Amino acid sequence: MENTMKEMRDGASVLDIDPKSAVGGGVEDVYGEDRASEDQFVTPWTFSVASGYSLLRDPRHNKGLAFTERERDTHYLRGLLPPAVLSQDLQEKKLMNSIRQYQVPLQKYIALMELEERNERLFYKLLIDHVEELLPVVYTPTVGEACQKYGSLFKRPQGLYISLKEKGKILEVLRNWPERSIQVIVVTDGERILGLGDLGCQGMGIPVGKLALYTALGGLRPSACLPITIDVGTNNEQLLKDEFYIGLRQRRATGQEYSELLHEFMSAVKQNYGEKVVIQFEDFANHNAFELLAKYGTTHLVFNDDIQGTASVVLAGVVAALKLIGGKLADHSFLFLGAGEAGTGIAELIALEMSKQTKSPVEETRKKIWLVDSKGLIVSTRKDSLQHFKKPWAHGHEPVNNLLDAVKAIKPTVLIGSSGVGRTFTKEVIEAMASFNEKPLIMALSNPTSQSECTAEEAYTGTQGRAIFASGSPFDPFEYNGKVFIPGQSNNAYIFPGFGLGLVISGAIRVHDDMLLAASEALAGQVTKENFDKGMIYPPFSNIRKISAKIAANVAAKAYELGLATRLPRPENLVKYAESCMYSPVYRTYR
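Keep in mind that this is a model prediction, so the values were computed, not measured.

Following the UniProt record, the feature "domain: Malic enzyme N-terminal" (unreviewed entry) maps to residues 116–297 here. For residues 116–297, the helix share is 48%, the strand share is 11%, and the end-to-end C-alpha distance is 33 Å.

Next up on the list: the packing of aromatic side chains. The final tally for this structure, using the stated rule, is 14 aromatic pairs. Between Phe67 and Tyr590, the aromatic rings sit 6.1 Å apart at their centres with planes inclined by 50°, giving tilted as the arrangement. In this pair, Phe67 is assigned in the loop between helix H2 (52–56) and helix H3 (69–74) and Tyr590 in strand S16 (residues 589–590), connecting sequence segments 523 residues apart. Of the two residues, Phe67 and Tyr590, both sit in the buried class. Connected via pairs of aromatic rings, a cluster forms that spans Tyr460, Phe469, Phe475, Phe478 and Phe485. It is Arg366 that lies over the ring of Trp393; its NZ or CZ is 5.8 Å from the centre.

Take the UniProt feature "binding site: (S)-malate" (unreviewed entry) in the protein next. With numbering matched to this structure, UniProt assigns "binding site: (S)-malate" (unreviewed entry) to Arg192, Asn447 and Asn491. Lining the second largest pocket, out of the annotated residues just given, are Arg192, Asn447 and Asn491. Looking at the element boundaries, Arg192 is found in the loop between strand S3 (184–188) and helix H11 (205–218). Taking relative accessible area as the criterion, Arg192 reaches 25% and is therefore assigned partly exposed. Not counting chain neighbours up to four residues away, the residues in contact with Arg192 comprise Gly197, Asp283, Phe284, Ala285, Asp306 and Glu341. Engagement of the side chain of Arg192 in a polar contact is seen with the side chain of Asp306, the distance being 3.2 Å. In this fold, Asn491 is placed in the loop between strand S15 (488–489) and helix H21 (496–506). Apart from residues lying up to four places away in sequence, Asn491 is in contact with Leu135, Tyr139, Thr140, Val313, Gly472 and Phe541.

Definitions and limits used
- Each residue is numbered by its place in its chain's sequence as written, counting from 1.
- With pLDDT at 70 or above as the cut-off, local features in this predicted model cover only qualifying residues; side-chain atom pairs require 80 or more to be listed or tallied, and sums for whole chains, interfaces and linings still use all residues.
- Computation of side-chain values covers all heavy atoms of the structure but excludes hydrogens and water.
- UniProt positions are given in the numbering used here, feature names are shortened, and annotations may be inferred rather than shown by experiment.
- Secondary structure elements follow DSSP: runs of H or I no shorter than four residues count as helices, runs of E no shorter than two count as strands, and numbering proceeds from the N terminus.
- Under the pairing criterion, centres of Phe, Tyr and Trp rings, with the six-membered ring standing for Trp, must be within 6.5 Å; the plane angle then separates stacked pairs below 30 degrees from edge-to-face pairs above 60, leaving the rest tilted.
- Each residue is assigned to one of three classes by its accessible area relative to the maximum for its type, calculated with a 1.4 Å probe on protein chains only: buried under 20%, partly exposed between the two thresholds, exposed over 50%.
- Whether a charge sits over a ring depends on NZ of Lys or CZ of Arg being within 6 Å of the ring centre and within 35 degrees of the ring normal.
- Only protein atoms enter the calculation, which uses a 1 Å grid: trapped sets of points that fit a 1.4 Å probe without letting it out are cavities, open sets showing protein on both sides within 12 Å along at least five of seven lines are pockets, and any residue with an atom within 4 Å of a point is a lining residue.
- When checking whether two residues touch, look at their non-hydrogen atoms; a contact exists if any pair is within 4.5 Å.
- Identification of polar contacts relies on pairs of N or O atoms within 3.5 Å, with a donor-acceptor requirement for protein atoms, meaning one able to donate a hydrogen and the other able to accept it, and with residues adjacent in sequence counted only if both atoms are side-chain atoms.

Right, dumping it as structure tokens:
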């Protein structure tokens, strides 16, 4: 990936650091609240000490009926609450009972977002304790529907909206946000939301959802996370005609107007929050995603989850799957359906890992990997008409027009879908994979579930139960010939929360490919024999906080090794340090 970006930057590397860049580093906790143990008293500071009615309206400090008798006297809450005192665990039980009553996932999403707005710690406790049940609600696939209906659902701002109207004033807009100590920003321009296309300003649901996972799964403090939507218009005619649409009613800005707004934004972020704020690009269209990553990779701490996060989590799944399908990475051949930012990003990271293991040039290892786009197999005779990010994958082969013929010609051991088009792994494609592989690895990664290239049932039945299967969105366990298969979920949520935590705890100032490889290796190493016996190539999400700590430690270690970390001295035990920095949602006792 870095090789491709260096070509776009005329040879500049993320390791070429300006000596005037970045000082200090690490995790900042202004009031010491997260360094306090849960049995220590803390003061519910806002701009002043929150008390009475204002305390009940402050989501960060509100505990609802969990305020003790003493706290009700001390903070002027007498009469503002019913007399019962309920523990946080009992509140959690009551709310989960309530949420489970809803039959429609979007209703569950709305209920959880309303909880976050009134009681932040209880929201995160629910999410952490019931992560496998609630992850599909706050993230894919339900968040896609929430984005489509965001205009109707909108009640209060959950992040910053920066539109073309704010051009020339973006620094002022950033200063309107009440928090000063920001560690992670997730930003989208809404042009390519999941597999749903251009949702414009309503793409805000994605940064909001991602940052909720940064806290729940990676332990970043909610106050240190900032969701941002850049609104440059939308080309979605349905939204432009929708009376409830909340964004600019104009066609999407492009070219110089777009570039100038993004450059002002990136400059303002660095000026306001410093060198060490993580800026995660989310759901930008291909033509902008690669350009932004190449342009700002050497000057900012930038990370594109669709290109780099997806690549890292898929590589982890492939490395883990080798225990089931046998051989080393270089023994296998790969065929991708989809040659956009996800497909080419995954392909490049696999090629890099293969290069690292075999000590071969990455130009050689790329030849084990083939990509199919909308015009067929990417081959050398098409090179002149290809976009720059597809050119490294144009190998010598006669033209092939469709996926089925490509599968028959290449005979891959691994089939990966990142096309954003549902049901493209047809029965014939799956059966062809099974005809020359004892255990074909099939990864249908497109989100949401409706856009998945095939279902778990189709993969298992088409291969007589021999496939190793993983998907982007969750599928239920499937029984075939008396055996229960548990489909793997190749979900970016395995990687980006721990990856971001690793950047923050090391005070990293740039992202390098070796950090992505380190994250993949950490995740693959967490898959147990018990998981493999069930056909799983990813560990269960129930252990995600421990997994995130391991990933963070690996990423931080690589940042120190590369000279990109600024938090000195290096902590002796990075895993323990990562765990100690994680936000805890347990209620605190107020003085």
